[in-house]
Amino acid sequence: MKKSLFPHLALMAVLMVFVSACSKKSEYTNVIPANATVVASINMKSLADKAGLNDKENKEAKQKLIDALKDGMNAATFQQVEMILKDSQKSGIDISAPIYIFNSESFPYSSAVAKVINEDDLHTALETLEKEKICQPINSGDGYQFTQMGNQVFIAYTPSTLMLINYKGATQLEKIKQGLPALLKQTNENSIVSTSAFKKMQKANGDIDILFTPGSLMGAYSNQFNFGMPQTFDMKSCQVLANISFEKGKISMKYNFVTESPELQAMLDKQMKASRPIENTYLKNFPKSTLMLISGGVNGEEVYNLLSENEEFQKNFSIAKANEVKELFGTFQKDITLGLINVTMNNAPTFLLYANVKSATPIQMLYEKKNELGLKRGEDILKLGENEYVYKSRMMNIFFGVHGNNLYATNDEMQYKNIDKTVDPSAKDTEYAASIKGKNCALVLNMEAVLALPVVKMMSEYGGAQYATAIALADKVSYMEIVSENNAEMVIQLKDKNVNALKQIVNFIKEFAGI
């Protein structure tokens, strides 16, 4: 009789959970090449503790898993699996420290590396997989033992190191076998372990830490990191260190630049001068139900100085226009705040913008030079009053102007008629108001307000079970914010602030799965 697929998949999952270890000071990290473009460190022990997998309340779920594995396995295989479930060290893997996942230019295959603490136990665990026909028989290579899982994963191990390498096709498999011996013989000096960036990563202590060059993960979006940089600047001299932590009531991801380049550091310092701390000047003008809010502190003169060093900017603006452009940028000071107020199925999303300015120069210049803007048929800019204008098109009207030192813009006439008026309740009454104040820039997505939209409620009713599940998960989130000061941080703030975020996720999955 054909065996059930579930025990096979579950057995593989058990092994993958327990091959989750890498000591930060042990030699097996030497296999990671110095030119690795992406390195991720996953602290499985920390994740398991925060998920509550060892809590008393999960004993029943654990027993259900053991019972499910027993059904369909022979007695010897089940005995081995049960032993690993009760004592994870019997897998032969040290689970007290993270697993490392990496990719590099010299070894361009997604690879995971873990620390072996008992080669015999690991060999036995792999033999168990072989008996269940999950992997092939174990063979000997050049200085290592190996097996394969299907035609996608190559598993190699030595007395100290376990590697899982993803590949496609026989050609890649052959190249892996040829390149692996040199990788396994790497010393501390010629691996990533000797780099300052990796040492900083080891000290980050997140549940998940990621070190990468911008182009390796972001592709074309990495060009955003070149803002204000010379065109000849090589972004490979810069890396980004991100760490993700699951805390009580929130998920936090922090990231910052890591570089040894004095040139890059000098440019980063200049970029910091172009921003100011947010003062929350305009939160009182935005409703508490604002769906998304973007705010930043700006030093217009420093922004211009930064741009003036950019070669592309110099090509587009002649010396004759330099003073005019400098005056335009220099007008902007302190807070700029943009809010998405409402979304409907019938009209364009409603937005509102405020900015602190020295004068009405920006809008006056826009009106005076409207003939140079290339407006199309049906488009025009009309003057409504002193420093008040409207851009009209077939699709929408955008009202803009300056009142006192406040520049405003909105596509909603009611918002225009109430410009500068305080809203009650307003965004200053939100929980996130305190966390964004003093930061240089911030983006907040108000999940509670988004889920309260009529259009979202309608979609939740008619979107089916899958959509309803997504809505139920999103309903546990209060808001998401991205803030930047010297470093940047993204926070997903949950409604329940007393329980670890990862445990809340696990509990949701258990409830959804009926465990």
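Remember, predicted model here, so these are calculated numbers, not experimental data.

Description of the pairing of strand 14 (residues 350-357)
Move 1: With six of eight residues buried, strand 14 lies mostly within the body of the structure.
Move 2: Where strand 13 (residues 332-342) lies against strand 14, seven bridges are found, and the strand directions are antiparallel. Bridge pairing in strand 14 places Phe-332 opposite Val-357.
Move 3: Looking at chain direction, strand 14 and strand 18 (residues 406-410) are connected through five bridges and run antiparallel. Bridge pairing in strand 18 links Ala-355 to Leu-407.

A few points about helix 2 (residues 44-51)
Move 1: Of the residues making up helix 2, those classed as buried are Ser-46, Leu-47, Ala-48 and Ala-51.
Move 2: Just past helix 2, the residue Gly-52 takes up positive phi, approximately 75°.

A closer look at helix 10 (residues 300-308)
The α-helix advances 3.6 residues per turn, and as a result positions three or four apart in sequence lie on the same side.
Move 1: All of the buried residues in helix 10 are Gly-300, Val-303, Tyr-304, Leu-306 and Leu-307. Angularly, the buried residues of helix 10 cover 160° about the axis, an arc narrow enough to put them on a single face.

Quick look at the packing of aromatic side chains
Move 1: Scanning the model with the defined rule gives 12 aromatic pairs in all.
Move 2: Centroid distance Tyr-100 to Phe-198: 5.6 Å. Interplanar angle 40°. Geometry classified as tilted. Taken together, the positions of Tyr-100 in strand 2 (residues 99-104) and Phe-198 in helix 7 (residues 196-202) put the pair 98 residues apart, joining distant regions of the chain. Of the two residues, Tyr-100 and Phe-198, both sit in the buried class.
Move 3: Aromatic rings pair up to connect Tyr-144, Phe-146 and Phe-154 into one cluster.

With respect to the side chain of Ser-426
Move 1: Within the fold, Ser-426 resides in the loop between helix 14 (413-417) and helix 15 (432-436).
Move 2: On the accessibility criterion, Ser-426 (0% relative accessible area) is buried.
Move 3: Beyond its immediate chain neighbours, meaning those up to four positions away, Ser-426 contacts Leu-283, Lys-284, Phe-286, Pro-287 and Lys-288.

Rules used throughout
- Residues numbered from 1 in each chain as written.
- Predicted model: local features only at pLDDT ≥ 70, side-chain atom pairs only at ≥ 80, totals over all residues.
- Heavy atoms only, no water.
- Buried < 20%, exposed > 50% of the residue type's maximum accessible area, 1.4 Å probe, protein only.
- Helix = DSSP H or I, 4+ residues; strand = E, 2+ residues; numbered from the N terminus.
- Pairing = 2+ DSSP bridges.
- Arc of directions from axis to C-beta.
- Phe/Tyr/Trp six-rings, centres within 6.5 Å; stacked < 30°, edge-to-face > 60°.
- Contact = heavy atoms within 4.5 Å.

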